[in-house]
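Listed here are the chains, written in short residue letters.
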Amino acid sequence: VQLQASGGGLVQAGDSLRLSCTASGRTFSNYAMGWFRQAPGKEREFVAAISWSGGSTYYVLYGDSVKGRFIISRDNAKNTVYLQMNSLKPEDMAVYYCAAAPGRPTADLYEYGYWGQGTQVTVSS
């Protein structure tokens, strides 16, 4: 699976931003998808994950720091997963990575075997 993340940019605190991650290669719908982020000098942090499929219902996970503000979704017809980020804070500033895992959605980054190149999100106060 090849992953291409996009949508990052410079926003002000309180603004919203939507990231996209488009997959190619293997069957996208067979993979759980996740978003992680990494700020300078910090470890890569789990943001959100969504199950591979489920009809009209998907299983989602969120990191504690983004619960209630970020929403993960996917469109298997477009091979794309989205991260809607609302009420952005300066501490959300990081490089955001999308990743794919063959199993269930998880916060464990070592379960993800495929990674995109990252997209920078900058939040000014």
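Just above, that's the structure.
Residues numbered from 1 in each chain as written. Predicted model: local features only at pLDDT ≥ 70, side-chain atom pairs only at ≥ 80, totals over all residues. Heavy atoms only, no water.

**Some details on the packing of aromatic side chains**
Point 1. Taken as a whole, this structure holds 5 aromatic pairs when the rule is applied.
Point 2. Here Y31 and Y114 contribute two aromatic rings whose centre-to-centre distance is 5.8 Å and whose plane-to-plane angle is 90°, an arrangement assigned as edge-to-face. With Y31 in the loop between β3 (17-24) and β4 (32-38) and Y114 in strand β10 (residues 114-115), this residue pair connects regions lying 83 residues apart in the sequence.
Point 3. Judged by relative accessible area, Y31 falls into the buried class, the value being 9%.
Point 4. With a centroid separation of 5.1 Å and 80° between ring planes, the pair formed by F36 and Y112 is classed as edge-to-face. In this pair, F36 is assigned in strand β4 and Y112 in the loop between β9 (94-101) and β10, connecting sequence segments 76 residues apart.
Point 5. For F36, a relative accessible area of 0% corresponds to the buried category.
Point 6. Overall, the relative accessible area of 4% leaves Y112 in the buried class.
Point 7. Just above the ring of Y97 sits the side chain of R44; from NZ or CZ to the centre is 3.8 Å. (Phe/Tyr/Trp six-rings, centres within 6.5 Å; stacked < 30°, edge-to-face > 60°. Helix = DSSP H or I, 4+ residues; strand = E, 2+ residues; numbered from the N terminus. Buried < 20%, exposed > 50% of the residue type's maximum accessible area, 1.4 Å probe, protein only. Lys NZ or Arg CZ within 6 Å of the ring centre and 35° of its normal.)

**Considerations on the pattern of salt bridges**
Point 1. Following the criterion strictly, the structure yields 4 salt bridges and no others.
Point 2. With a shortest N-O distance of 2.9 Å, R37 and D92 are connected by a salt bridge. Here R37, found in strand β4, pairs with D92, found in the loop between β8 (80-85) and β9; they are 55 residues apart in sequence, far enough to count as distant.
Point 3. R37 sits in the buried class, given a relative accessible area of 5%.
Point 4. Taking the relative accessible area as the measure of exposure, D92 reaches 0% and is therefore buried.
Point 5. When the shortest N-O distance is used, the salt bridge between D64 and K67 registers 3.3 Å.
Point 6. Its relative accessible area of 66% is what places D64 among the exposed residues.
Point 7. Here the residues in one salt-bridge network are R37, E45, R69 and D92, joined through shared partners. (Salt bridge = Lys/Arg side-chain N within 4 Å of Asp/Glu carboxyl O.)

**Let's talk about the state of the cysteines**
Point 1. If you walk through the whole model with that rule in mind, you get 1 disulfide.
Point 2. Sulfur-sulfur distance for the disulfide between C21 and C98 comes to 2.1 Å. Judged by the sign of its S-S torsion, about 60°, the cystine formed by C21 and C98 is right-handed. Here C21, found in strand β3, pairs with C98, found in strand β9; they are 77 residues apart in sequence, far enough to count as distant. (Disulfide = S-S within 2.5 Å.)

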